[in-house]
Structure formats: C-alpha cells, structure tokens
Amino acid sequence: MTRDGDGSHLLRVLGVMFGVAVVIGGTIGQGVLRTPGLVADGIRSPAIIVGLWIVVGVIAAVDAMSTVELASSIRKTGGPYAFATRAFGPVVGLGVGITDWLGNMAGIAFIAVVFGEYMHRLGLATVVPLGVLAPLIIAAVGVTHLLGTRASGWSQEIGSAIKALIFIALVVVLLLAPRAAPVATLTSGGMTAGLTLSGIVVALRAIVGTYTGWNGAAYFCEEVRDPRRDIARATFSGIALVTVIYVLVNVALLRVMTPAEMAGSNLVAADAAARVFGPAADTVVTAISLISLITIINAMMMVFPRVLFAVARDAKVAGLSHVAANGTPRAALFATIAAA
C-alpha cells in the first residue's frame, strides 16, 4: 500500500479473516469455562440454559448493528473514541478515548497475572516470581507486534484458529463421554429449582459478560481493506462463530453434568473434564485457559495502541502518532506495554 511521507497513516492490509479472528480471540476466554455454573445456579432447565446463550448471541448481533454502521461510515481507527469524537466533539471524544485505553491497561495486566498463575500451575517458569512473570508476558506479546501489521494480523488469525479448534475438540470429547445421570429433583442448597425472573436476570448478566469483545473489528477501520463491507462481515461472522462455540460447549457440558451439578461448580469445565480425563483434567483445562488468555492479550495489545495513536494524532502529539513503515504505531505500542 502507498504511504504518505509523514508516517502518520496506518496500512490498509487487513481482511475479513483478521476481523473474525480478533472478534473470536478477544471474546472467547475463561468466562465460558466458569459462567455455565452461574447460569445453572438460577436456571435448571437444559433447554432454557442453551436458549439463553443463543438469545445473548442474538442480542450481541443486534447491538453490533449500530457499531458496524458507525465503523463503516466514519472509517477511522480507535473504535468508540472515533465515534464519540464525531458525535460529541473532541473533548468528549478525548475522555472516551483515554478512558477506553486506561481501563484496558488494567484489563491486560489482570489477564497477564492470571496467565502467569496458570503457567505456575502447569509447572512452567515456577522459579520466576509472578510479579516478574506477568510484566514479561505483556512485554513479550507486545514486542511481537513490532514486526508489523501483517505479522500481527497473522498471529491473531493463527491463535484464534487454534483456540476455536481446541474448544471444538473439547466439545467432541465431552459429547462422546457417558451421558449425565438424570436427577429426579433438581435442587441446590435446599432451594427448589423453580424458574424465577431474578434467576433469568442473573443468568443473562453472566452470559453477557462472556460476549464482551465482539466489537474488536471496529477498532481497525483504517487498516481493513474494505471497511464498508469487511467490518460488518467480520463482526457478524465472529459473533455467529462465538455463539456456536458457546452453545456447543454448554450442550457438551450438559451431557456429562446435570444443571444441579453445574450449579455447585466454580469451574464447570474442569469438573466435566474430570469425568473424561480423570486426574489429568486440571492440566487439560488449565492449558485451554492459557491458550484462551494469550489470544486475548494478543488482541488487546494490537487494539489499544491504535486507540492511543488515534487520540495522539488528533491532539497532534507527534511522538505518539508516528507509524512505522510496517504499519505499527511503535511509540503508542511501547506506551501501552509500559502502562500495562
């Protein structure tokens, strides 16, 4: 792609597959391994449980319609920052952009700490203190993005594909496992399993949290080849795939565990896997969690330097608004690594 000489323009080299990958990679995490227990705590009907996961997927798609329209119309990097700036002016836009960036620095840090804990749980890098390991993880992922936009995009596509395949493999293994024994009276903690409004609300809130990240493609409007079509295709395809994976995971879990058993579990996937893998279940689920978390960190380390870059470019902060020849906003990337 042709670049302007001032080095302030991103490269339009990303396609639909990248957009789908950033949606999947930034959305599917440990939540789907834990949340089914919270859902089953208030909902004891397998059909309703699965139905709620589908409903929230549809809600996410409806919610995405406005974001996709804004992204394909405004076509500027930065996601909500670009939208707020266009709608409400630079002051409000600046507040949205800085809040989005700073808030997600805490998110990256939290995920890196959890990733480090899981590495120790697997017996990896145990001699490295967690306070050192977590920053090293952030730095290692961030530095890989110095290779350029194309390389960053490929890393997300590969990571998200591996993640999707691993979850599909888990689903297949659980579906082939012995069916859960029927339970005549589904109760938990002495309470009857009647369907209540509060139970549905709590379940929906828990499920909605697992869909967070569906708007990832909207941050790359200046780097997607055809934002008028590709942002919509990537976002809706990504949401559809995430929904399918979530539904299949829940169907598989419900095959080996009853809703009552799921309700008493803090990590349903581990309990279900224990019936298939035995003592190795903890290792299997921890490994799946590691892969899920690293793709989220990778997506966030690609998204949020763009937010900082967009804010700096509009504020005419020269140092943070420079783009390398390979498309990476390096100064914004280093600032993001340091902040996280």
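Residues numbered from 1 in each chain as written. Predicted model: local features only at pLDDT ≥ 70, side-chain atom pairs only at ≥ 80, totals over all residues. Heavy atoms only, no water.

> Help me understand the overall build of the chain in this model?
Counting secondary structure elements, the chain contains 13 helices and 0 strands. Reading the helices (α) and strands (β) of the chain from amino to carboxyl end gives α-α-α-α-α-α-α-α-α-α-α-α-α. Relative to the globule expectation of 20 Å for 340 residues, the C-alpha radius of gyration of the chain, 21 Å, shows essentially globular dimensions. Each principal axis of the C-alpha distribution contributes one length, and for the chain these read about 70 × 45 × 30 Å. (Helix = DSSP H or I, 4+ residues; strand = E, 2+ residues; numbered from the N terminus. Rg over C-alpha atoms; globule rule 2.2 N^0.38 Å.)

> Is there a simple way to think about helix α11 (residues 268-277) in this case?
Of the residues making up α11, those classed as buried are V268, A269, A270, A272 and A273. Elements that come into contact with the buried residues of α11 comprise α2 (31-42), α7 (149-175), α9 (227-256), α10 (259-263) and α12 (281-314). Taken from the residues just after α11, G278 is the one with a positive phi, measuring 65 degrees. (Buried < 20%, exposed > 50% of the residue type's maximum accessible area, 1.4 Å probe, protein only. Contact = heavy atoms within 4.5 Å.)

> I keep staring at the pattern of salt bridges and nothing clicks. Help me out?
A side chain of one charge can pair with a side chain of the opposite charge if their charged atoms are brought near each other. What the rule picks out here adds up to 7 salt bridges. E222 is the salt-bridge partner of R313, the closest N and O atoms lying 2.6 Å from each other. Highlighted residues: R313 in helix α12 and E222 in the loop between α8 (197-210) and α9, separated in sequence by 91 residues. Taking relative accessible area as the criterion, R313 reaches 19% and is therefore assigned buried. Members of the salt-bridge network, linked through shared partners, are D226, R228 and R229. (Salt bridge = Lys/Arg side-chain N within 4 Å of Asp/Glu carboxyl O.)

> In this structure, what is going on with the packing of helix α1 (residues 16-27) against α12? I would like to understand it.
Each pair of packed helices can be summarised by the angle the axes make with each other and by the distance between the axes. Where α1 meets α12, the axes come as close as 8 Å, and the angle between the chain directions of the two elements is 120 degrees. Overall, the two elements α1 and α12 adopt an arrangement that is oblique. The way α1 lies across α12 gives a crossing that is left-handed. The residues of α12 that touch α1, namely those facing F18, V22, G25 and G26, are T295, I296, A299, M302 and V303. Each residue belonging to the contact of α1 with α12 can be placed in one class, and the counts come to 6 nonpolar, 3 polar and no charged. (Axes fitted to C-alpha atoms, helices over the stretch in contact; angles between N-to-C directions. Parallel < 35°, antiparallel > 145°, perpendicular 65-115°, else oblique. Left-handed = near helix turned anticlockwise from the far one by under 90°. Nonpolar A, V, L, I, M, F, W, Y, C, P; charged D, E, K, R; others polar.)

> Looking at this model, I keep getting lost on the packing of aromatic side chains. Mind explaining?
Aromatic ring pairs are reported here in terms of the distance separating the ring centres and the angle at which the planes meet. Per the stated rule, a full pass over the model turns up 4 aromatic pairs. Here Y211 and Y246 contribute two aromatic rings whose centre-to-centre distance is 5.0 Å and whose plane-to-plane angle is 85 degrees, an arrangement assigned as edge-to-face. Here the residue Y211 occupies a position in the loop between α8 and α9, and Y246 occupies one in helix α9, the gap between them amounting to 35 residues. Taking relative accessible area as the criterion, Y246 reaches 0% and is therefore assigned buried. (Phe/Tyr/Trp six-rings, centres within 6.5 Å; stacked < 30°, edge-to-face > 60°.)

> Explanation requested: α1 in the structure shown.
Residues that lie three or four places apart on an α-helix share one face, since the helix turns once every 3.6 residues. End to end, α1 covers 17 Å across 12 residues, agreeing with the expected 16 Å (1.5 Å per residue, within 8%). Most of α1 is tucked away: 9 of the 12 residues are buried. Considered for burial, the residues of α1 that qualify are F18, G19, V20, A21, V22, V23, I24, G25 and T27. Residues of α1 that are buried make contact with α7, α8, α9 and α12. (Expected span 1.5 Å × (residues − 1).)

> Explain the nonpolar core here, please?
A general trend in soluble globular proteins is that nonpolar side chains are found buried together. W53 and F220 are the most contacted members of the largest nonpolar core, which has 97 residues in total. By residue number, the principal contributor to this core is α12, which donates 16 residues. Apart from the residues lying within four places of it in its own chain, the contact partners of W53 are V32, T35, P36, V39, I207, T210, Y211, T243, Y246, V247 and N250. (Core = buried A, V, L, I, M, F, W, Y, C linked by side-chain atoms within 4.5 Å.)

> Is there a simple way to think about the side chain of T336 in this case?
Considering the arrangement of structural elements, one finds T336 in helix α13 (residues 330-339). Overall, T336 belongs to the buried group, its relative accessible area being 0%. In this structure the side chain of T336 is engaged in a polar contact, spanning 2.8 Å, whose partner is the backbone oxygen of A332. Excluding residues within four positions of it along the chain, T336 makes contact with W101, M105, M301, F304, P305 and L308. (Polar contact = N/O pair within 3.5 Å; in protein donor to acceptor, adjacent residues only side chain to side chain.)

> Looking at this structure, how should I read the side chain of N104?
Mapped onto the elements, N104 comes out in helix α5 (residues 90-121). Here D100 takes part through its backbone oxygen, which lies 2.7 Å from a polar atom of the side chain of N104. Look past the residues within four positions of N104 in its chain and what remains in contact with it is M300 and F304.

> Whenever I open this one, the confidence of the model for the chain confuses me. Can you help?
Fine structural detail should not be taken from predicted coordinates in areas where pLDDT scores are low. Mean pLDDT over the chain: 91, with 94% of residues reaching 70 or higher. Note that pLDDT drops below 50 for residues 1-5; the model gives that stretch 9 contacts with residues more than four away or on any other chain. Note on residues 183-192: pLDDT is under 50 here. Beyond four places in sequence and across chains, it has 11 contacts. (pLDDT = per-residue confidence, 0-100.)

> How do you make sense of the environment of L147 when you look at a structure like this?
The topology assignment puts L147 in the loop between α6 (130-144) and α7. The class for L147 is exposed, based on a relative accessible area of 64%. For L147 and I168, which are 21 residues apart along the polypeptide, the C-alpha to C-alpha distance reads 30 Å.

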